[in-house]
Amino acid sequence: MVRKSLEDSARSLGQKAVTAETRAVAAESDLRIEREWRISLQDSMIRDRDKISALTQEIESIKSIGQKYMALQEEQHQLRVQYSEAQKTLEEVGATLSENKLQLAELLEKEARAVQDDTPNWTSDKDASACAACAKEFTIARRKHHCRRCGNIFCGACSEKTVALAGNTKPVRVCDACFVEVRLT
């Protein structure tokens with residue numbers, strides 16, 4: 001009886017051992033699967049971390065590019081404002097230059113008229129055969145002389161005086177009539 005009980009007990013323990021061993025094999029198999037799963041998850045996690053790191057760097061790069069873009073847009077806006085101001089200034093300078101050109105042209109025209117008014121119409125030597133003042137004929141001995149003020153031709157006696165006229169550095173020969181006029185003014 002004891003023996004039977006011990007055999008039953010041994011059998012029961014044997015079955016329990018087989019069951020425990022089966023469970024141990026299943027647990028080892030589950031554990032191996034769990035390890036493989038954990039290694040796979042770790043590898044996946046490492047890859048994901050690398051992707052996250054690369055994406056973070058890309059985001060930082062994009063943020064930097066965005067900041068540069070914003071700075072360039074601001075600079076472009078400032079340059080457009082400067083261009084607009086420069087354009088307005090250029091237009092104003094152009095208008096002033098145009099006005100100044102017109103004023104210069106008027107002044108030059110006035111000066112030209114004044115010079116023409118001051119410059120006498122010279123009588124041609126071949127058109128004069130006698131002195132414009134005394135009417136004496138010109139000869140080899142009686143030479144022709146232009147009055148530097150009125151431009152007419154006179155003999156030496158009627159044009160022996162000299163006077164300083166505008167535009168000349170030295171006194172020049174003038175006729176008696178012009179000499180009197182210059183002295184009166």
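Residues numbered from 1 in each chain as written. Predicted model: local features only at pLDDT ≥ 70, side-chain atom pairs only at ≥ 80, totals over all residues. Heavy atoms only, no water.

Participant: Report on the overall build of the chain, specifying residues and quantitative values.
Facilitator: A tally of helices and strands in the chain yields two helices and four strands. Beginning at the N terminus, the succession of helices and strands in the chain can be written as α-β-β-β-β-α. Against the globule reference of 16 Å for 185 residues, the chain gives a C-alpha radius of gyration of 61 Å, more extended than a compact globule. Counting only C-alpha atoms, the chain reaches 190 × 30 × 25 Å along its principal axes. (Helix = DSSP H or I, 4+ residues; strand = E, 2+ residues; numbered from the N terminus. Rg over C-alpha atoms; globule rule 2.2 N^0.38 Å.)

Participant: Can you break down the UniProt feature "domain: FYVE-type" (unreviewed entry) in the chain residue by residue, with the values?
Facilitator: UniProt records the feature "domain: FYVE-type" (unreviewed entry) for residues 125-183 in the present numbering. For residues 125-183, the end-to-end C-alpha separation is 27 Å, with 14% helix and 17% strand making up the annotated structure. (UniProt positions renumbered as here; feature names shortened; annotations may be inferred.)

Participant: Quick one: what's the story with helix H2 (residues 176-184), residue by residue and with numbers?
Facilitator: Those residues of H2 not exposed but buried are Cys178, Phe179 and Val182. One side of H2 holds all its buried residues, which, seen down the axis, span an arc of 105°. Of the exposed residues in H2, the ones pointing more than 90 degrees away from its buried face are Arg183 and Leu184. Of the surrounding elements, those touching the buried residues of H2 are strand S3 (161-163) and strand S4 (172-174). (Buried < 20%, exposed > 50% of the residue type's maximum accessible area, 1.4 Å probe, protein only. Arc of directions from axis to C-beta. Contact = heavy atoms within 4.5 Å.)

Participant: Requested: an account of the pattern of salt bridges, with residues and values cited.
Facilitator: Evaluated as defined, the whole model comprises three salt bridges. The residue glutamate 181 makes a salt bridge to arginine 149 at a minimum N-O spacing of 2.8 Å. In this pair, glutamate 181 is assigned in helix H2 and arginine 149 in the loop between strand S1 (145-146) and strand S2 (153-154), connecting sequence segments 32 residues apart. Under the relative-accessibility criterion, arginine 149 is labelled partly exposed at 30%. (Salt bridge = Lys/Arg side-chain N within 4 Å of Asp/Glu carboxyl O.)

Participant: Requested: an account of the environment of cysteine 155, with residues and values cited.
Facilitator: Structurally, cysteine 155 can be placed in the loop between S2 and S3. Separated by 10 residues in the primary sequence, cysteine 155 and histidine 145 place their C-alpha atoms 6.0 Å from one another. Apart from the residues lying within four places of it in its own chain, the contact partners of cysteine 155 are Cys131, Cys134, Phe138, Arg142, Arg143 and His145.

Participant: Could you give me a rundown of unusual backbone geometry, with the residues and numbers involved?
Facilitator: What you tend to see is this: most non-glycine residues have negative phi, and most peptide bonds are trans. Unlike most non-glycine residues, alanine 135 shows phi in positive territory, near 65°. For alanine 135, the location among the structural elements is in the loop between helix H1 (2-118) and S1.

Participant: Account for the environment of arginine 148, with residues named and values stated.
Facilitator: With respect to the helices, strands and loops of the structure, arginine 148 is situated in the loop between S1 and S2. A residue is classified by how much of its surface remains accessible, and arginine 148, at 39% relative accessible area, is partly exposed. Separated by 58 residues in the primary sequence, arginine 148 and leucine 90 place their C-alpha atoms 49 Å from one another. At 3.1 Å, the side chain of arginine 148 and the backbone oxygen of histidine 146 are in polar contact. (Polar contact = N/O pair within 3.5 Å; in protein donor to acceptor, adjacent residues only side chain to side chain.)

Participant: An account of the packing of aromatic side chains is requested, with residue identities and associated values reported.
Facilitator: Under the defined criterion, the tally for this structure stands at zero aromatic pairs. Directly above the ring of phenylalanine 179 sits lysine 161, whose terminal nitrogen or CZ lies 5.8 Å from the centroid. (Phe/Tyr/Trp six-rings, centres within 6.5 Å; stacked < 30°, edge-to-face > 60°. Lys NZ or Arg CZ within 6 Å of the ring centre and 35° of its normal.)

Participant: Describe in detail the side chain of histidine 145, supporting the description with residues and values.
Facilitator: Within the element layout of this structure, histidine 145 appears in strand S1. When residues no more than four places from it in sequence are discounted, the contact partners of histidine 145 are Asn152, Ile153, Phe154, Cys155, Gly156, Ser159 and Arg173.

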